[in-house]
Structures are given as structure tokens and as C-alpha cells.
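So you can see what is in the structure, the chains are spelled out below.
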Amino acid sequence: MGNKLLNKVIIQGELVNGSFGKSNDHVFFAQIKQERKMINFTWIDYFSIYALSPLSNKLAEIMKTNPNSKIIIEGELHTKITKPSNEVKMRILVNKIVDVSSIENTQTK
């Protein structure tokens with residue numbers, strides 16, 4: 001058995017807040033907003049994602065044409081501990097865009 005951990009993630013949510021990196025226009029950063037409801041409670045979680053070229057261009061195009069699209073992605077969970085504060089930061093590297101649909105289309109079905 002190898003030392004590599006299985007960090008495969010499949011996540012669905014609303015694509016929000018996307019932009020290319022400041023120093024590298026081949027990396028696109030965004031957030032996925034996921035809303036869960038149960039009885040009278042609502043939870044909203046935000047997941048940080050990033051994509052490398054050519055998926056970065058595809059995500060940028062999705063954000064440009066329909067900024068609040070529902071999206072399903074497949075990727076790898078990457079964790080990092082910051083040195084000064086020992087804060088754990090998690091991001092998802094996008095390996096595949098499984099599905100994209102506009103919110104208007106999904107609400108009318």
C-alpha cells in the first residue's frame with residue numbers, strides 16, 4: 001500500500017467569486033457555494049477551488065457567460081497549514097467539470 005492518500009472530491013454548488021491569479025493567468029480561483037436545508041435550518045458552505053489551464057479558461061468562460069451557474073466538479077482536496085498561525089486551509093484542484101447548468105433552468109424544472 002502506498003503513502004498517497006485518496007483525496008478525491010465530487011462537489012455540486014453555485015459557482016461564485018471567480019478570477020485569475022494575480023501572478024499567473026493560467027490559474028483560475030473561484031468559490032462554490034453549497035446550500036443545505038433541513039426542516040427550519042439552512043446551512044451555507046463555501047469551498048475554494050482552483051483550476052489549471054485548460055480548465056481555468058473553461059471556468060472563466062462559465063463565470064463570464066453565467067456568473068451564478070450550478071456546477072458539479074471532480075477534483076482533489078489539497079490541505080495546507082500556514083506557518084505563523086497554524087491555520088489549516090483547504091482548496092480543491094479541479095480535474096474535471098462534470099456538469100454546468102444555469103440556476104434559472106434548474107428552478108423551472
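Residues numbered from 1 in each chain as written. Predicted model: local features only at pLDDT ≥ 70, side-chain atom pairs only at ≥ 80, totals over all residues. Heavy atoms only, no water.

Visitor: Talk me through helix α1 (residues 55–65); I want residue IDs and the actual numbers.
Guide: Where α1 is concerned, the buried positions are L55, S56, L59, A60, I62 and M63. The buried residues of α1 occupy an angular sector of 160° when the element is viewed end-on, so they sit on one face. Turned more than 90 degrees off the buried face of α1, the exposed positions are K64 and T65. Structurally, α1 contributes buried residues whose contacts are with β1 (8–20), β2 (27–38), β3 (41–52), β4 (70–81) and β5 (88–101). (Buried < 20%, exposed > 50% of the residue type's maximum accessible area, 1.4 Å probe, protein only. Helix = DSSP H or I, 4+ residues; strand = E, 2+ residues; numbered from the N terminus. Arc of directions from axis to C-beta. Contact = heavy atoms within 4.5 Å.)

Visitor: Pulling in residues and values, what's your account of the pairing of β5?
Guide: Note: β3 against β5, two bridges, orientation parallel. Across the sheet, residue I49 finds its bridge partner in β5, namely I92. When β4 meets β5, the two strands line up antiparallel, connected through 12 bridges. Across the sheet, the residue bridging to T79 is M90, located in β5. (Pairing = 2+ DSSP bridges.)

Visitor: Outline the sheet that holds β4, supporting the account with residue identities and numerical values.
Guide: Taken in spatial order, the five strands close into a barrel running β1-β2-β3-β5-β4, and their pairing is mixed. Direction aside, neighbouring strands of the sheet carry axes that sit 55° apart on average. Direction of pairing for β1 relative to β2: antiparallel, over a ladder of five bridges. Residue pairing across strands places L15 opposite I32, the latter belonging to β2. (Axes fitted to C-alpha atoms, helices over the stretch in contact; angles between N-to-C directions.)

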